Every structure is written in C-alpha cells, then in structure tokens.
Amino acid sequence: MKKNVRVRFAPSPTGGLHLGGVRTVLYNYLFARQHNGKFILRIEDTDQSRYMPGAEEYIFETLAWCGLLPDESTKHGGGFGPYRQSERKVSYKQYAERLVTDGYAYYAFDTPQELEAMRNELKSDVNPNPQYDRLVRKKMKNSLTLPADEVKAFLQEGTPHVIRIKMPEGETVSFTDMIRGEVSFDTSLVDDKVLLKADGMPTYHLAVVVDDYLMQISHAFRGEEWLSSAPVHVLLWRYLFGEKAMPQWAHLPLILGPNGKLSKRDGAKYGFPVFAMNWNDRKTGELTAGFKENGFLPVAFVNMLAMLGWNDGTEQELFSMDELIQKFSMERVHKAGAKFDYEKAKWFNHEWIKRTDDETLGQELLKQYVAHSQTTENVLPEGHPELLKKCTAIIPLIKERCTFLTDVYQQASFFFIAPKEVDAAAVKPKWNAEKKKFFEELINELLSLQHWQGLAIENAFKNLATNSGIKPGELQLPFRIMLVGGKFGPPVFEIAEILGREETTLRIENTLPQFD
RNA sequence: GGCCCGUUCGUCUAAGGGUUAGGACACCACCCUUUCACGGUGGUGAUACGAGUUCGAAUCUCGUACGGGCUACCA
C-alpha cells in the first residue's frame, strides 16, 4: 500500500476554495510533506448545477499563490489518472452493478415526482425531512419490491433508474477518525443514499470510495460536514474492497463565520475576503474578494490559516511554510470549529510584512508607484535602477506602518509627489513672523549643508532654531507639514534625507506662503 | 424532528488530575515619540450548567443546556 495523502474538492470555488477548503488543502500538503508522501488533487466536476467555468484554472492559480501545488493532478500528471471525475465515469458503474449483484445495493425506478410525493406524504412535525430508508424502500418502486421479471423488463426498456445502497438494519458502523477518535453510527438510522445517478454518473459517495481505492489513497482529509455520510463510505469500502484497505479519515473542524459555517455571503456582508484570490463568477458576473488582492502575503495567509485549528503547543504563532512542515501534527488539530477573525488575520499580515526584506518590498513599492503615476509610462523596475534604489531606501521608514501590501504606496506617496494640499490649519494658530523667518533662513542653511544626511539636517535645524530663540520642537510640526502635507509619517529628518536637498527646499519655499 | 460532532477570556488558543488557569488578537491606561504609527509596561476579561469518581477535576464519567454539521439523482 502506497503512502499517499489525497485531497479532493469541487471545482467550484463556491463549494471548494473558501477559507476552509484551502485549509484542508494546507493540512493535506503539510501531512504529505512530513511523511514524504504524495499530495494528490482530484477534481470533482460532475455536478452540472454547480460547475463553474474557469474554476479549474482558478484552483491551480490559488494553490500556486499559496505554495500548495499538488504532486499529482490534472495539471501535474501521475500514475493514477485521470484526475477529473467526469473522465472516470466507466469504472463507477461497474462497481455499482457489482454491489447490486452482491445484494448490497438495488435499482430504484422512482421518478422525481414519486419521490416528492413520498416526502410530502410522510412529512410531519416529528419528521420534517423524510428519507428513503429501510422502511420507506418497502413501499417504493425498486428491485427489492418489484417482481424480478418486471425489474428485468424495466432495465431492458431503459427505464431511468438509480442505484441505491441497501442500508443494513441494526448494525453499528464505526471507524477511527484521526482527529475525533472512534466515531460510530447505527445503520438503522442512515438512509439509502443514491450511489449512481440516472445519468450514469456516480454521486460523491461512490466516486470517493472507488477513486480512493484506485488511486491508492492512504489518508483522506475533508471537512466535518462529511462526517455524517462517513458510514456510507465505510460500508462501501467493506462491500467493495474490504475495510482493511480503507484510508484513514480525518474530518477537519469547520471554519465559522459570524453565524455558522463561513459562507461567501459573510465576506460581502462583513467586509473581509473569504477566498484566497479574487474569484470572478463568469455566470453571474459576481466578484468575490480574495486575500491576495486585499494585500495579503501568501506566507501570512497560510500562517493564519494553519493556526485556525492547530498550534504546536508552544506560544509561537508565526510559522513559515518550512516550519509548518516541520512542526505540524495531526494530533494537535482541534476538534471544535474556529470562528474566523479578520483582525487577527491582519495582525499576521502585518507581522510578515515587517519580516519581509526591503528589496522585495522596494520592488512592490516601485510597482505600485508606476501603477499610480499618470505621468510615467512604460516604466519598468529593470529600467530604473535609481528609482528602485530610492524605493528600497524608503521601505525601512514605512514598512512597520503597513498592514497590507497595498499600503506601501499610500504610506510613501509623499516621497514621490509633493502634497497637493497641506494641512495649514494645523500650523496657522501658532504661526508668526519669527517662525516664517526661521524657515526662510533654513532654506539657505540647507542649501549650504555639507553632508545631506538625516542627522546633519537635524543638527542644522536645531542649531538654527536655538539661534533664532525658538524651541526646535515647535518648528518640527510645520516642517513636517511642509514636506508631507499632514500630521503623519516617519521621522521628519529622515524624510528630508530621502527627498533630497532640492526637493526639500522647494517644498519649504512653496508651502511657506500658505501659512500666513 | 432524527442522527453525528463539539463547548476554556469577545475571538484564536495553552494547561492531557495538583498552575495565582498562560499566551496572542481586539479593547483600555501609562511610557516612548513635540506628527502618525511601531514598540514597551500594565489592566479588564474564560473553564456553559448539574451530578458523580477522587484527598484533589478545566482535565475522567453521566445528564442537561447551548452551538454547529448532516438529513438531495450537491459536493
């Protein structure tokens, strides 16, 4: 038996690649890496009602951004393909037929109308969701109730039918979940799930078991919402391949929104992303925001996600992917669902931005500057070593003020463009002729300054202030407002250093009249 | 309704019978800084409830409550 860890999700990001889905992928990935195993991606694309154009590409883009690309998939190949469920159709039917022959499943010929009629009839306050179970099946049109020749005739005529599992009565099915330990179910209380649909396609229940077997999956992780259908899967394993060959299951706790399971709606409603990357629904034109486009670093996103339901037992909270691979353990994954907190997610990103090197952030700043600038066209980082150097020099001054990657230009814009409006109101009340004179003299002082360097500028500034009989502190705010336009930003003399002698004196000159 | 899973500060969590129940986010205060942040120090704040086992329970057992999931020819 090969030691593989497998992952599966729907091609629709709606169902598959929200926060919880990516975390499932992440835990799969970490577990596979730790055990030197294979991380397999099987695409579920059978449900027409949910199939989304572009979803498969989106899945790979997202996983690439997160650094979670699989070892085997539709894109990466592998020995157990095809990896698209719709391309595996033939084999499912054969297994379903075998179950019927062996007496573990049966044909059901009930029409959708008949099913609905049954449900309406049985529906009551004590039974709001009637199921097709061991009691109900006795009254329905299937190969257990119909005479054999009638069944044969139906099949020969090609009457639409499904194959349902025949749930045994009074048995206890149990299995050991990697996270929850022993979980057991009374088969009398489980319904006869459809295994093969009328169109010949398998349901998830059949497909997952058959594929896990054929792809030699040893560990299967999925969300907790699948726990209640686990008895069906265990039974199918028992009937088809033997329980011994069954993969080890791990049902991961859910990621919760403000109320219940986190949904796409929650994101729009409460103003935070729920997808890793922007998802553009080509059918509805709806755009669902992603962490990437909101200015998250992949390392921060992955770190945040990993900590939603797992910790290493110490007080460490910041983990790189390599550290996660090293320290992750299934035993320490929580049983209870975790409510997503965007504030904490922002904190992770802030921490990782502070840990990102200046060169990388400098590139990012340059990119954003180019994007924001209307005057510069065709400016590329490679073509402007001077500009890149400036950007990289700015980063140490601003990086700890950025929560999002998208903040860098916003925090640094005044280095590139003189403020259009200055907060003169903050200066005027305390403005006087002496101060004005100070700044006029400051211009000359700065022009003749020998070393254009933060500390030297500061000394010149303070000496001049003292000589003018004004406290240096009272002059710093006006100076700041002249340079950046408002009461914000890094230390003012360091700003002046990067701005350069010419630009600094120019800004003083230009704003001085506005304070009168 | 039935079945399954769960329950420690507002949130994420540590403590696998003996701790003043620890940390992080958020919040508040103070310090640093004559800007705004960062940072530093401190503070508010939790074992859902009830029984039982035990010298001793957040931790083990049972019950109750609450929360979540599932209950489709969706995944």
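Everything in this summary refers to the structure shown in the same document. (Residues numbered from 1 in each chain as written. Chains lettered and ligands numbered in written order. Predicted model: local features only at pLDDT ≥ 70, side-chain atom pairs only at ≥ 80, totals over all residues. Heavy atoms only, no water.)

### Comments concerning the overall build of chain A
Then comes step 1: Within chain A, the regular secondary structure consists of 20 helices and 13 strands.
Then comes step 2: Taking 24 Å as the expected radius of gyration for a compact globule of 516 residues, we find that chain A reaches 32 Å, considerably beyond that expectation.
Then comes step 3: Seen through its principal axes, chain A has C-alpha atoms that stretch 110 × 45 × 45 Å.
Then comes step 4: Total accessible area computed for chain A in this model is approximately 24500 Å², and 50% of it derives from carbon and sulfur atoms. (Helix = DSSP H or I, 4+ residues; strand = E, 2+ residues; numbered from the N terminus. Rg over C-alpha atoms; globule rule 2.2 N^0.38 Å. Areas by Shrake-Rupley, 256 points an atom, 1.4 Å probe, with all protein chains shown as cover.)

### Here's the deal with unusual backbone geometry
Then comes step 1: The step from Gly-81 to Pro-82 runs through a cis peptide bond, and the omega angle for that step is -5 degrees.
Then comes step 2: In this structure, Asn-36 takes a positive phi of about 60 degrees despite not being glycine.
Then comes step 3: The phi torsion at Gln-216 lies on the positive side, around 55 degrees, for a residue other than glycine.
Then comes step 4: Take Gln-216: it is sitting in the loop between α7 (204-214) and β8 (219-223).

### Re the sheet that holds strand β3 (residues 105-108)
Then comes step 1: Overall, antiparallel pairing links the 3 strands, which are arranged β3-β4-β7 in an open sheet. Pairing within the sheet leaves two strands with one partner each, and these edge strands are β3 and β7 (194-196). Shown here is a sheet whose adjacent strand axes are inclined to one another by a mean of 45 degrees, direction ignored.
Then comes step 2: Here β3 runs beside strand β4 (residues 162-165); their pairing, made up of 4 bridges, is antiparallel. From the neighbouring strand, Ala-108 faces β4, where its bridge partner is Val-162. (Pairing = 2+ DSSP bridges. Axes fitted to C-alpha atoms, helices over the stretch in contact; angles between N-to-C directions.)

### With respect to the packing of helix α17 (residues 454-468) against helix α19 (residues 492-499)
Then comes step 1: Between α17 and α19, whose axes approach to 8 Å, the crossing angle comes to 120 degrees. With respect to α19, the element α17 is oriented oblique. Remark: the crossing between α17 and α19 carries right-handed chirality. Residue-level contacts link Gly-454, Ile-457, Glu-458 and Phe-461 of α17 to Phe-493, Ala-496 and Glu-497 of α19.
Then comes step 2: Residues belonging to the contact of α17 with α19 are distributed by class as follows: 4 nonpolar, 1 polar and 2 charged. (Parallel < 35°, antiparallel > 145°, perpendicular 65-115°, else oblique. Left-handed = near helix turned anticlockwise from the far one by under 90°. Contact = heavy atoms within 4.5 Å. Nonpolar A, V, L, I, M, F, W, Y, C, P; charged D, E, K, R; others polar.)

### Focus: the pairing of strand β9 (residues 248-252)
Then comes step 1: Counting buried positions along β9 gives 4 out of 5 residues, so the element sits mostly inside the fold.
Then comes step 2: Relative to β9, β8 is paired through 5 bridges, and the arrangement is parallel. Residue pairing for β9: Arg-222 is matched across the bridge by His-251.
Then comes step 3: Between the parallel pair β8 and β9, the chain is carried across by helix α8 (residues 230-240), and the sense of this crossover is right-handed. (Buried < 20%, exposed > 50% of the residue type's maximum accessible area, 1.4 Å probe, protein only. Right-handed = clockwise from strand over helix to strand, strands pointing away.)

### As for the packing of α7 against α8
Then comes step 1: Following both chains from N to C, one finds α7 and α8 inclined at 50 degrees, their axes separated by 10 Å at the closest point. Regarding the angle of α7 to α8, the classification is oblique. Crossing angle aside, the handedness with which α7 passes α8 is right-handed. Across the interface between the two elements, Tyr-204, His-205, Leu-206, Val-208, Val-209, Asp-212 and Tyr-213 from α7 touch Val-232, His-233, Leu-236, Trp-237 and Leu-240 from α8.

Everything listed is a geometric property; what it means functionally is a separate question.
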